[in-house]
Structures are given as structure tokens and as C-alpha cells.
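An overview of the molecular structure
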Amino acid sequence: LTVRAIADRLAVSTSTVKRLIRRYAETGILTDLERRPRPRLTTRDEDATIIVAIQNNPFSNAVAIREALHLDVCAQTIRSCLHEAGKQHRVPAQYTREDPEFWSRVVFTDEKTCQYQPRYDRAHIYEVARSGRVTL
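None of these values were measured; they are calculated from a predicted model.

1. Concerning the overall build of the protein
Per the secondary structure count, the protein includes six helices and two strands. For the protein, the α and β elements follow one another from N to C terminus as α-α-α-α-α-α-β-β. Within the span of the protein, comprising 136 residues, buried residues form 14% of the whole. Summarising the internal contacts of the protein: among those between residues at least 6 apart in sequence, 30% fall at separations of at least 24. Here the protein displays about 12,200 Å² of accessible surface, and carbon together with sulfur accounts for 52% of that area.

Given below as C-alpha cells:
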């Protein structure tokens, strides 16, 4: 078979076929080689310290944890560590325009109410990302 015929039969480009033929000639195998993961930027002790920090202050954020622990990693690394540990890290909404007396009268709930009308099917009801509002 020609390179073009193989590419057509496998539905891939000719350059892919040529690369696979070259790899087979060099190594004798076509399967993907085992890949090494990226090296970790934090040690196990640092990971444990991050977990303890979020347990002690659950309303802290990744940047605050990084600065408090003097870690030389980005905030996303902290978030990834929390995710791997099964910790759902959320930053609480902050409202500073209202005074504390106003907020003492507010009842917070995680329930949502939506009035169903026959003309709206599931395809027309969606939640605005992160806001909690339901739009029809």
C-alpha cells in the first residue's frame, strides 16, 4: 500500500502515516511511549501544610495561603493541590455596599425557585454562570 492509500483508509493525514512509518523503523513499536508527569512544584509536606491551612481558615483563598506559607508557586498550584485532596475551594461572595445591619436581616439559602410555564422547555431555561440567577 502507498502512504496515500494508508492515510485514506485510516482517515489521517499523509504526514501522520509517514511519521508512524519512521517511528516503527526506528523503534519497532507503534504504541505511545510511557510519559512522565510534570515534576511537582510542592513537596508532600507543603501539600499537607496547604490542606491544614484551608481547614483552619476555610474562607481563605489560594493567594492568601501562598503568601502565608511563603510558597514560591502560583495560586493555581495551590488550587490544584486542594482539588487533588478533594477540598472544594470556594471564595465567598463579598458585599461591601451594605451595612452590617442590612445583612443581619437577610436570610441566605441555597434553594432556587423557578416557576414553570408550559412555553418554556428545558432548552430555554439556563442558569447564568456563577451568579445563581435563573434566566428563562
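2. Brief notes about the nonpolar core
Membership of the largest hydrophobic core is limited to 11 residues, which are I50, I51, I54, A62, I65, L71, V73, A75, I78, C81 and L82. Elements with a minimum of two residues in this core: α3 (44-56), α4 (62-69) and α5 (75-84). Here this core gets four residues from one element, more than from any other, and that element is α5. Those residues in contact with I50, other than ones at most four positions away along the chain, are I65, L69, L71, I78, C81 and L82.

3. Let's talk about the pattern of salt bridges
What the rule picks out here adds up to three salt bridges. Across the salt bridge formed by R4 and D8, the nearest N and O atoms sit 3.2 Å from each other. Of this pair, R4 and D8 both sit in helix α1 (residues 3-10), four residues apart, which is roughly one turn of the helix. Overall, D8 belongs to the exposed group, its relative accessible area being 51%. A salt bridge links R40 to D47, with the shortest nitrogen-to-oxygen separation between them at 2.7 Å.

4. What about α5?
What α5 keeps buried is the set A75, T77, I78, C81 and L82. Taken around the axis of α5, the buried residues stretch over an arc of 160 degrees, which confines them to a single face. Turned more than 90 degrees from where α5 packs its buried face, H83 and E84 sit exposed. Taken together, the buried residues of α5 touch α3 and α4.

5. What about the packing of α4 against α5?
At a minimum axis separation of 8 Å, α4 and α5 run at an interaxial angle of 100 degrees. With respect to α5, the axis of α4 lies roughly perpendicular. Along its contact with α4, which presents A62, V63, I65 and R66, the element α5 presents A75, I78 and R79. Per-class residue counts for the contact of α4 with α5 are five nonpolar, no polar and two charged.

6. Concerning the environment of L1
Along the chain, L1 falls in the segment before α1. A relative accessible area of 77% places L1 in the exposed class. Beyond its immediate chain neighbours, meaning those up to four positions away, L1 contacts I6 and R9.

7. Some details on the side chain of T77
Tracing the backbone shows T77 in helix α5. Its relative accessible area of 17% is what places T77 among the buried residues. Filtering out sequence-adjacent residues up to four positions away, T77 remains in contact with L41 and T42.

About the thresholds
- Residues numbered from 1 in each chain as written.
- Predicted model: local features only at pLDDT ≥ 70, side-chain atom pairs only at ≥ 80, totals over all residues.
- Heavy atoms only, no water.
- Helix = DSSP H or I, 4+ residues; strand = E, 2+ residues; numbered from the N terminus.
- Buried < 20%, exposed > 50% of the residue type's maximum accessible area, 1.4 Å probe, protein only.
- Contact = heavy atoms within 4.5 Å.
- Areas by Shrake-Rupley, 256 points an atom, 1.4 Å probe, with all protein chains shown as cover.
- Core = buried A, V, L, I, M, F, W, Y, C linked by side-chain atoms within 4.5 Å.
- Salt bridge = Lys/Arg side-chain N within 4 Å of Asp/Glu carboxyl O.
- Arc of directions from axis to C-beta.
- Axes fitted to C-alpha atoms, helices over the stretch in contact; angles between N-to-C directions.
- Parallel < 35°, antiparallel > 145°, perpendicular 65-115°, else oblique.
- Nonpolar A, V, L, I, M, F, W, Y, C, P; charged D, E, K, R; others polar.

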